[in-house]
Amino acid sequence: MKHYDAIIIGAGQAGTPLAKKLAEAGKKTAIVEKRLVGGTCINDGCTPTKAMIASARAVYQAKKASDLGVDIGDVKINFKKIKQRKDDIVKQFRESSEKGINNTKGLQLIFGTAKFSGEKELTIALNDGGEEKITADLIFINTGAKTAIPEIEGLDAIDYLTSTTILDLEAVPEHLVVIGGNYIGLEFGQMFNRFGSKITILEKSSGIIAKEDQDISSALTEILTNEKIEIITDVKVSKISRDKKQIQIAVESGKTKKNIIASHLLIAAGRIPQTADLGLESCGVKLDDRGHILVNEKLETNIKGIYALGDVKGGPAFTHIAYNDYTIVYRNLIEGTNYSIHDRPVPYCMFTDPQLGRIGISEKEAKEQKLNYEVAVLPMAYVARGIETNETLGLMKAVVDVDTKKILGAAILASEGGEIMSVLQMAMEGGITYDQIRYCVFAHPTYTESLNNLFMKIHK
Ligand SMILES: Cc1cc2nc3c(=O)[nH]c(=O)nc-3n(C[C@H](O)[C@H](O)[C@H](O)COP(=O)(O)OP(=O)(O)OC[C@H]3O[C@@H](n4cnc5c(N)ncnc54)[C@H](O)[C@@H]3O)c2cc1C
Ligand SMILES: NC(=O)c1ccc[n+]([C@@H]2O[C@H](COP(=O)([O-])OP(=O)(O)OC[C@H]3O[C@@H](n4cnc5c(N)ncnc54)[C@H](O)[C@@H]3O)[C@@H](O)[C@H]2O)c1
């Protein structure tokens, strides 16, 4: 049985850089991957979706070009080329990541499915056949998450799409119904709408992006509805069946019942951790009631020397959080630091168009926490850069602490909302207060310059 200093299960956004750095630090390391190096982000998540969203935005921009006095005529898409571009980018990222692993001295990449067969022992079902048992002093679980399939009558009998399989479509669906009105549902929904599909989004909450403030949810609903996306909220999907080429989706919303006929169905109702087949009973690592691995603030499980990083541990499920998990674990173990996952900022950006960049707390949360707060809102229609570039949809919103003048949070539903939000994140981390930003000199005419005006809305 081969023994390593460290084994990483899953070549995702935390596992790959951690494996390389541990090996570079002199630890004899193995990384086990059951599918593709790069994990969800590179193969089925951020990379392919953002590549395709760029094509969808080009369609939208081309159709809007006449507003700027540029007549393009009929806008046609070449879906084969859109998919090929996406596949090429994914391949480039994956190969570069795999090459990075293979070029790291002291690091072995094993393609297979890892399962605990003892406290610090793993049995690998090798992709090439056969199995191998390996042990290590340190084990890092980075197995990520997969699509959650809701319990809906008839769903099992339907060839529904997930965020992974939809990326393999060779043609644009005629009518795509999406179950779930959050990140995945909205990014794909708007993308395929722009490619020419009819889109219906079914969301069980009273609004899309239900965790956000009502005004942000309503503004995005209006933007998507104006693009002719149908959004049905407060919905219960009661039954799904297939009739020849059509999928029938029976839904109830309030007192209304209707049958939606679709060509394709995308399930975007959340993700579940990949822990069920890890054999965790053999090592005694504890899970929460949703199957996420329980960790302390240093990401160590209840078993000393076994850590969990990224989506598999629950909490915010983003690439930058998985990556930050790696930096925390690595620095604490190898550099002797004392970093914790508590109190780190959790920025995120949903890549609808306009984007929704978010940081800190929402107005709803400030109210729940009974803080002495004030809110500043600036519609993008008042932003010079937005007017000049024909990007006037959305709004900037910030929540501030009246006593300390600190920025508590922001929701930037705007063109380049993610970048504008990051400026505010830096201010929050650096302790720059809203009254300083109000008079900060920014280059004209940038989106960021409008942060002056945003904070002018606060009269304290
Ligand atoms: C459609 C979509 C779009 C997204 N867009 C964004 C975005 O724009 N921005 C953002 O920040 N986040 C986005 N995310 C979320 C992001 O992809 C994840 O948060 C991130 O990939 C999590 O990284 P991870 O390292 O925890 O796990 P993963 O990247 O999922 O890696 C886990 C790896 O472990 C492997 N594995 C699992 N079990 C085993 C086993 N038993 N043995 C061996 N290997 C195993 C898996 O095959 C996988 O390669 C998106 C997700 C999806 C689905
Ligand atoms: N840009 C980004 O950062 C980005 C993009 C895509 C995905 N992600 C990550 O992927 C994760 C998963 O995204 P997601 O959108 O699938 O999940 P989610 O958990 O964020 O949202 C799922 C939505 O589906 C709804 N829903 C659940 N069951 C339903 C049902 N039976 N009928 C109707 N609606 C139902 C929920 O109310 C919720 O609004 C997210 O947590 C996010 O962190 C991030």
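Analysis parameters
- Residues numbered from 1 in each chain as written.
- Chains lettered and ligands numbered in written order.
- Predicted model: local features only at pLDDT ≥ 70, side-chain atom pairs only at ≥ 80, totals over all residues.
- Helix = DSSP H or I, 4+ residues; strand = E, 2+ residues; numbered from the N terminus.
- Rg over C-alpha atoms; globule rule 2.2 N^0.38 Å.
- Buried ≥ 20, exposed ≤ 12 C-beta atoms within 10 Å, placed from the backbone.
- Contact = placed C-beta atoms within 7 Å.
- Pairing = 2+ DSSP bridges.
- Axes fitted to C-alpha atoms, helices over the stretch in contact; angles between N-to-C directions.
- UniProt positions renumbered as here; feature names shortened; annotations may be inferred.
- Near = placed C-beta within 6 Å.
- Nonpolar A, V, L, I, M, F, W, Y, C, P; charged D, E, K, R; others polar.
- Core = buried A, V, L, I, M, F, W, Y, C linked by C-beta atoms within 7 Å.

Concerning the overall build of the chain
Right, on to step 1. Looking only at helices and strands, the chain features 12 helices and 20 strands.
Right, on to step 2. For 460 residues, the compact-globule estimate of 2.2 N^0.38 gives 23 Å, and the chain sits close to it at 24 Å.
Right, on to step 3. If you line up the chain on its principal axes, its C-alpha atoms span 70 × 60 × 45 Å.
Right, on to step 4. Per-residue burial over the chain gives 43% buried out of 460 residues.
Right, on to step 5. Of the contacts formed within the chain by residues at least 6 apart in sequence, a portion of 64% connects residues at least 24 apart.

Re the sheet that holds strand β20 (residues 407-414)
Each strand in a sheet pairs with another by means of backbone hydrogen bonds, the pair being arranged parallel or else antiparallel.
Right, on to step 1. Spatially, β16-β17-β20-β19-β18 is the arrangement adopted by the 5 strands of the open sheet, whose pairing is antiparallel. Edge positions in the open sheet fall to β16 (348-350) and β18 (373-379), since each of these has one partner strand only. Recorded for the sheet is a direction-independent mean angle of 10 degrees between the axes of neighbouring strands.
Right, on to step 2. Here β18 pairs with strand β19 (residues 395-401) via 7 bridges, running antiparallel. When the bridges of β19 are listed, Y373 appears paired with D401.

Some remarks on the sheet that holds strand β13 (residues 264-267)
Right, on to step 1. What the 4 strands build is an open sheet, ordered β9-β8-β7-β13; its pairing is parallel. A strand with exactly one partner marks an edge of an open sheet, and here the two such strands are β9 (230-232) and β13. Taking each pair of neighbouring strands and ignoring which way they run, the sheet shows an average axis angle of 20 degrees.
Right, on to step 2. One ladder, built from 5 bridges, connects strand β7 (residues 175-179) with strand β8 (residues 198-202); its direction is parallel. Paired with V178 across the bridge in β8 is I201.

Here's the deal with the UniProt feature "domain: Pyridine nucleotide-disulphide oxidoreductase dimerisation" (unreviewed entry) in the chain
Right, on to step 1. Under the local residue numbering, the UniProt record ascribes the feature "domain: Pyridine nucleotide-disulphide oxidoreductase dimerisation" (unreviewed entry) to residues 346-453.
Right, on to step 2. In this annotation, residues 346-453 is assigned 32% helix and 29% strand; the end-to-end C-alpha distance for the span is 25 Å.

Thoughts on the site of ligand 2
Right, on to step 1. Every one of the 26 residues lining ligand 2 counts as a neighbour, but G180, N182, Y183, A269 and G270 are closest to it.
Right, on to step 2. Going through the elements one at a time, α5 (183-195), β10 (235-243) and β16 are the ones with two or more residues in the shell around ligand 2.
Right, on to step 3. When residues in the shell around ligand 2 are grouped by element, the largest group, 4 residues, is from α5.
Right, on to step 4. Split by residue class, the shell around ligand 2 holds 16 nonpolar, 6 polar and 4 charged.

Considerations on the nonpolar core
Right, on to step 1. Counting 77 residues, the largest nonpolar core has V178, L266, A398, I407, L413 and L424 as its most contacted members.
Right, on to step 2. Setting aside residues no more than four positions away along its own chain, A398 makes contact with A376, I407, A410, L424, Y434 and L454.
Right, on to step 3. Of all hydrophobic cores here, the second largest spans 50 residues; its members include I9, A11, A14 and V329.

Overview of the pairing of strand β3 (residues 107-118)
Right, on to step 1. Relative to β3, strand β2 (residues 29-33) runs parallel, the two being bridged by 5 bridges. For A30, the partnering residue across the bridge sits in β3 and is Q108.
Right, on to step 2. Between β3 and strand β4 (residues 121-126), which pair antiparallel and follow one another directly, the connecting turn spans 2 residues.

Structural notes on the site of ligand 1
Right, on to step 1. In the neighbourhood of ligand 1, 37 residues make up the surrounding shell, with G10, G12, G39, G144 and G310 lying closest.
Right, on to step 2. Where the shell around ligand 1 is concerned, the elements lending two or more residues are β2, α2 (39-43), α3 (46-64), β3 and α7 (319-334).
Right, on to step 3. For the shell around ligand 1, the per-class residue count stands at 14 nonpolar, 17 polar and 6 charged.

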